[in-house]
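Residue-level listing of the chains:
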Amino acid sequence: MVGVLIRMRLLLSKRALRNGWQGVTFVLGIVVGLVFALITAALIGFSVRDGDVSRAITIAATVYGVWTLGWLCGPVLIGSSDETVQPEHLRLLPLSNRQLATGLLAASFAGAAPVVNLIAFGGLVVLAAQLSWAATLVAVVGVVLQLVFVVLLSRVMLAWVGAAMRSRRGKDIGVLLAGLLGLAYYPASWLLSHISALQDVPPAAATALRWLPFGWAPAAVEGAAQGNWLIALLGILGLAALSLGLWQAWSVLLARRLATPMNSTAGTSGAGLLSRVRQTGPTGAVAIKELHAWWRDSRRRATMVPILVVGVMMPVFPVFQGGSSGGVPFAGVTAALFAALAGANLYGYDGTAVWQTLVTPGAARADVRGRLLAMLVVIGVPTLLVTLILPGALGRWGMYPWVLSLHAAALGVGVCSALILSVIAPYPMPPRTGNPFSGSGNPGCAKALIQVAMVFGQMFALLPVLVILLVGHFAELKLVEWLALPVGIALGITAALLGARLAEQRLSTKGPELLEAVRAR
């Protein structure tokens, strides 16, 4: 069965390479990954300077930690996890949960990401070859076990968070965990930027790196090189035991996932606040429907919440690195800008159900405007609360004209971008599975470039408000700074209405093309 799943995975990957822009994106991802893997391997393998093995092991443990955090936060940040072979398609086969977990684990190693990671981890073998043959042997075993560990850790964490986000009771904590997991990007980037300073790292910090699981393989190599076989064996056996425990946990979570209906949205069936809101006209009905979808659909939450949390923390995290706190009041502004990207494929979530809008006369206007209102609520309410609270909490009262005017403009421009992207660059979503992080789809290279260009366009659109704020700041005229607030509100409203108008026209004139674009392949 293991061989069958591996061949299935390879055939599906081969098919993806022939799928137009998706194949181009896949190849570009492999090339970029190989470049980083080779740099990582060289950084570890040639880190010994003046015979200082301890410093080289510390660098290896740090880099291993960065790659481990990448396996954790990567699927959450991009809203997608690699499930080329989906477990739900195998639920009727006469296999036990452990057999299926073993086969899926083996198939997961047949992809490009584990191979790239193996090359990166292989730098430890190059380092060990400079020390002794015993250290080289330990390094080979340690690299393999470290790869198994990170793959299993990623699977278990995503399965755990995904299970929480599918259950009604654990929905809120699952969303929070997804956002916090996405924040692992920041410590990873901090570690990567401070590798050059590791030669002066305190002994206590170096020891802590070796005691963490991602430092066990480098610590085992160091122990073998020094003849301390107790440390070497503890590192290797610890990784093996931890990987075995993660595999057992994954098999249990996999069994629970297969027992859950594939189309479960973990919704809140029954009466709720939204069900008591009066639906005025078709626009109101669409808005309520979209609010229900953002609240119930685990795929949407898995996309929105990590981006929202990362947007809030982007100006906050430099404070923990010893930087200035001047950007903290703008957390709501950055969150509003980036959270709009989560709505850049609104019609992709609906799939072919969009035909109901296309065949209903006059429905395009209500549909677009209803989605606009829902996006303003979903993004605007939390980001506005952050914008109102942070400056006062920090005692930066003079920042209110800055953050309020920029937030109003950023919210309107962001929603405008989301609506336009949803109709000019839609892409199909994969079938709903038990893992909400496997349902983001692949926009392809061309559409991804359009999304990146739209992000820069959003920042450019904020320039009029920023110019007024800068004039008031340098002229020391507070009244001029407050004049930016009505300008920002007007800019946001204009951008939102313009985006709705353009999206409505595109939906009315290019509806069949949009329907074909979101059709599942």
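Residues numbered from 1 in each chain as written. Predicted model: local features only at pLDDT ≥ 70, side-chain atom pairs only at ≥ 80, totals over all residues. Heavy atoms only, no water.

**Let's talk about the packing of helix 16 (residues 331-339) against helix 19 (residues 363-393)**
Packed helices, taken two at a time, are described by the angle their axes make and the gap between the axes. Packing of helix 16 against helix 19 leaves a shortest axis separation of 7 Å and a crossing angle of 165°. Relative to helix 19, helix 16 is oriented roughly antiparallel. Two packed elements cross with a definite hand, and for helix 16 against helix 19 that hand is right-handed. Here helix 16 contributes Ala-331, Gly-332, Val-333, Ala-335, Ala-336 and Ala-339 to the contact with helix 19, which in turn contributes Ile-379, Thr-383, Val-386, Thr-387 and Leu-390. Partitioned by chemical class, the residues of the contact of helix 16 with helix 19 number eight nonpolar, three polar and no charged. (Axes fitted to C-alpha atoms, helices over the stretch in contact; angles between N-to-C directions. Helix = DSSP H or I, 4+ residues; strand = E, 2+ residues; numbered from the N terminus. Parallel < 35°, antiparallel > 145°, perpendicular 65-115°, else oblique. Left-handed = near helix turned anticlockwise from the far one by under 90°. Contact = heavy atoms within 4.5 Å. Nonpolar A, V, L, I, M, F, W, Y, C, P; charged D, E, K, R; others polar.)

**Quick notes on the packing of aromatic side chains**
This model, assessed by the stated rule, comprises three aromatic pairs. Consider the rings of Tyr-64 and Phe-121, whose centres lie 4.3 Å apart with planes at 35°: the pair is tilted. Remark: Phe-121 occurs in helix 5 (residues 112-121) and Tyr-64 occurs in helix 3 (residues 53-77); sequence separation between them is 57 residues. Of the two residues examined, Tyr-64 and Phe-121, each falls in the buried class. Centroid distance Trp-294 to Tyr-349: 6.3 Å. Interplanar angle 65°. Geometry classified as edge-to-face. Placement of the pair is Trp-294 in helix 13 (residues 281-296) and Tyr-349 in helix 17 (residues 346-350), with a sequence separation of 55 residues. Using a relative accessible area of 11% as the deciding quantity, one classes Tyr-349 as buried. Between Arg-300 and the ring centre of Trp-294, over which it is positioned, the NZ or CZ distance is 5.0 Å. Lying over the aromatic face of Tyr-347, Arg-371 brings its terminal NZ or CZ to 4.3 Å of the ring centre. (Phe/Tyr/Trp six-rings, centres within 6.5 Å; stacked < 30°, edge-to-face > 60°. Buried < 20%, exposed > 50% of the residue type's maximum accessible area, 1.4 Å probe, protein only. Lys NZ or Arg CZ within 6 Å of the ring centre and 35° of its normal.)

**Quick word on the nonpolar core**
Most often, soluble globular proteins have nonpolar side chains that are buried together. Among the nonpolar cores identified, the biggest contains 53 residues, and Tyr-64 and Leu-124 are the most heavily contacted of them. Elements with a minimum of two residues in this core: helix 2 (20-45), helix 3, helix 4 (97-108), helix 5, helix 6 (123-129), helix 7 (133-166), helix 11 (216-226) and helix 12 (229-258). Per-element tally for this core: the top contributor is helix 7, with 12 residues. Among all residues touching Tyr-64, those that are not within four sequence positions of it are Ile-44, Phe-121, Leu-124, Val-143, Gln-146, Phe-214, Ala-217 and Pro-218. (Core = buried A, V, L, I, M, F, W, Y, C linked by side-chain atoms within 4.5 Å.)

**Some words on the packing of helix 13 against helix 19**
Taken N-terminus to C-terminus, the directions of helix 13 and helix 19 make an angle of 45°; their axes are 7 Å apart at the nearest point. When the axis of helix 13 is compared with that of helix 19, the two are oblique. Judged by the twist between their axes, the crossing of helix 13 over helix 19 is right-handed. Note on element contacts: helix 19 touches helix 13 through Ala-366, Asp-367, Arg-369, Gly-370, Arg-371, Leu-373, Ala-374, Met-375, Val-377 and Val-378, opposite Pro-282, Thr-283, Val-286, Ala-287, Lys-289, Glu-290, Leu-291 and Trp-294. Here the contact of helix 13 with helix 19 is composed, by residue class, of 11 nonpolar, two polar and five charged.

**Side note on helix 5**
Of the positions making up helix 5, those classed as buried are Pro-114, Val-116, Asn-117, Ala-120 and Phe-121. One side of helix 5 holds all its buried residues, which, seen down the axis, span an arc of 160°. (Arc of directions from axis to C-beta.)

**Observations regarding the confidence of the model for the chain**
Looking at the chain, the pLDDT average stands at 78 and 76% of residues meet or exceed 70. Here residues 263-271 is modelled with pLDDT under 50, and outside its nearest four sequence neighbours on either side it reaches 23 contacts, counting other chains as well. (pLDDT = per-residue confidence, 0-100.)

**Thoughts on the environment of Trp-133**
With respect to the secondary-structure elements, Trp-133 resides in helix 7. Take Trp-133: its relative accessible area is 69%, and that puts it in the exposed class. In the structure, Trp-133 is positioned 92 residues away from Ala-225 in sequence and 8.6 Å away in space, judged by C-alpha atoms.

**Structural notes on the side chain of Ser-243**
Examined against the element boundaries, Ser-243 turns out to sit in helix 12. If sequence neighbours within four positions are ignored, Ser-243 has contacts with Leu-145, Val-148, Phe-149 and Leu-152.

**Remarks on the pattern of salt bridges**
Taken as a whole and assessed by the stated rule, the structure comprises 11 salt bridges. With its nearest N and O atoms 3.1 Å apart, the salt bridge here joins Glu-290 to Arg-371. You can see Glu-290 sitting in helix 13 and its partner Arg-371 sitting in helix 19, a full 81 residues away along the chain. Given the relative accessible area of 1%, Glu-290 is considered buried. Of the charged contacts, one joins Glu-481 and Lys-478 as a salt bridge, the two residues approaching to 3.2 Å between their closest N and O atoms. Pair noted here: Glu-481 and Lys-478 are both in helix 23 (residues 478-509), with a separation of three residues, about one helical turn. Taking relative accessible area as the criterion, Glu-481 reaches 4% and is therefore assigned buried. What emerges from the salt-bridge pattern is a single network uniting Lys-289, Glu-290, Arg-300, Asp-350, Asp-367 and Arg-371. (Salt bridge = Lys/Arg side-chain N within 4 Å of Asp/Glu carboxyl O.)

**Focus on unusual backbone geometry**
One non-glycine residue, Glu-476, adopts positive backbone phi at about 55°. Here Glu-476 lies in the loop between helix 22 (463-475) and helix 23.

**Considering the side chain of Thr-334**
Note that Thr-334 resides in helix 16. Residues within four places of Thr-334 in sequence aside, it is in contact with Gly-311, Val-312 and Pro-315.

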